[in-house]
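Analysis of the macromolecular model
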Amino acid sequence: MPDQHQAAPHLTGFVPPRHACDAHCHVFGPGERFPYAASRRYTPEDKPKEVLAALHDRLGLERAVLVQASCHGTDNRAMMDALRSDPARYRGVAMIDDETPDAELMAMHEAGVRGIRFNFIKSLGGGPGLDVVHRAAGRVRGMGWHVVLHLQGDGVREMEETIRALRMPVVIDHMGRVDPAQGVEGASFRALLALLREDERIWVKLSGAERMVPAPFTAALPFAHALLRAAPDRVLWGTDFPHPNLAVPVEETELLDLVPLIAPRAEDRQRLLVENPAALYGFED
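Summary of the structure given here. This structure is a prediction, so every number in the text was calculated from the model and none was measured.

**A short note on the pairing of strand β3 (residues 90-94)**
Of all five residues in β3, five are buried; the element is thus mostly enclosed. Here β3 shows two buried faces, one formed by Tyr 90, Gly 92 and Ala 94 and the other by Arg 91 and Val 93. Of the strand pairs in this sheet, strand β2 (residues 63-67) and β3 are connected by four bridges, and their pairing is parallel. If you follow Ala 64 over to β3, its bridge partner there is Tyr 90. In this view, the connection linking β2 to its parallel neighbour β3 by way of helix α2 (residues 77-85) has right-handed handedness. Across three bridges, β3 lies against strand β4 (residues 113-119) in parallel orientation. Its bridge partner lying in β4, Ala 94 is registered against Ile 116. Handedness of the β3-helix α3 (residues 102-111)-β4 crossover: right-handed.

Given below as structure tokens:
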């Protein structure tokens, strides 16, 4: 049976199981210590590691994966500083390029980084050339890392050949950010489902409901249900705190309360929140 524990009060009816993980969240700044990238498309409000830790304590989430966002570019220092502040609690996903030294990759691995991310969202500047992706993947494959892709709309269909050719685990952010108006029968979502069913290296995050549909976000449930059924041992969940570039404020308790709706069975919630992130990121009891 899943190991339940008493979480701190957070005004929600759902108590996460012990070792539950927020597998997609960010730290921003503080900018005076960790400046934002000159090429950034947005400047976020500072949300340093202390703010993130307080949120997770309030929600009852014991573990987290810190994902490097485009506003910091390939300067991973803010994320690395957070990882080193609590090595048992945190793992990381970095952004790198051809200029990232090998010694820095090794330092990242020692700090808990287990993946690299590429952002292909056009409004954020789009992604790098595919040759850059392949070279970066080749540099970290031997360390057991994975690739995280932030795609939107037809992004999975457009990059399917690349995804299959990477020869390592690939994680798709935020349910592929497909157009919800097309429904679960839409071509883009069907492509994501097919990829998940056919390739055991493919993972997907059942996050980003707040980017797909209005509150209370339940219109995103059919997409999450379909993905969970397709690969219950390769799905992750995260808050996406602090929700960069989202026009409408979000209370994270609303997202946490979606979890038992996404995964009504306790064993599925245990996989989603505990077992799957532990397997991919190497968390230890």
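Alright, that's what it looks like, and here's the rest.
**A look at the packing of aromatic side chains**
Scanning all chains against the criterion turns up one aromatic pair. Between Phe 189 and Phe 223, the ring centres sit 5.1 Å apart and the planes meet at 90°, which makes this aromatic pair edge-to-face. With a gap of 34 residues between them, Phe 189 in helix α6 (residues 187-198) and Phe 223 in helix α8 (residues 221-230) connect regions that are remote in the sequence. For Phe 189, a relative accessible area of 1% translates into the label buried. By relative accessible area, Phe 223 is classed as buried at 3%.

**Quick notes on the state of the cysteines**
This model, assessed by the stated rule, comprises zero disulfides. You can see Cys 25 has no disulfide; the closest cysteine sulfur is in Cys 21, sitting 7.7 Å from it. Looking at Cys 71, it has no disulfide partner, and the nearest cysteine sulfur is the one in Cys 25, 13 Å off.

Parameters at a glance
Residues numbered from 1 in each chain as written. Predicted model: local features only at pLDDT ≥ 70, side-chain atom pairs only at ≥ 80, totals over all residues. Heavy atoms only, no water. Buried < 20%, exposed > 50% of the residue type's maximum accessible area, 1.4 Å probe, protein only. Helix = DSSP H or I, 4+ residues; strand = E, 2+ residues; numbered from the N terminus. Pairing = 2+ DSSP bridges. Right-handed = clockwise from strand over helix to strand, strands pointing away. Phe/Tyr/Trp six-rings, centres within 6.5 Å; stacked < 30°, edge-to-face > 60°. Disulfide = S-S within 2.5 Å.

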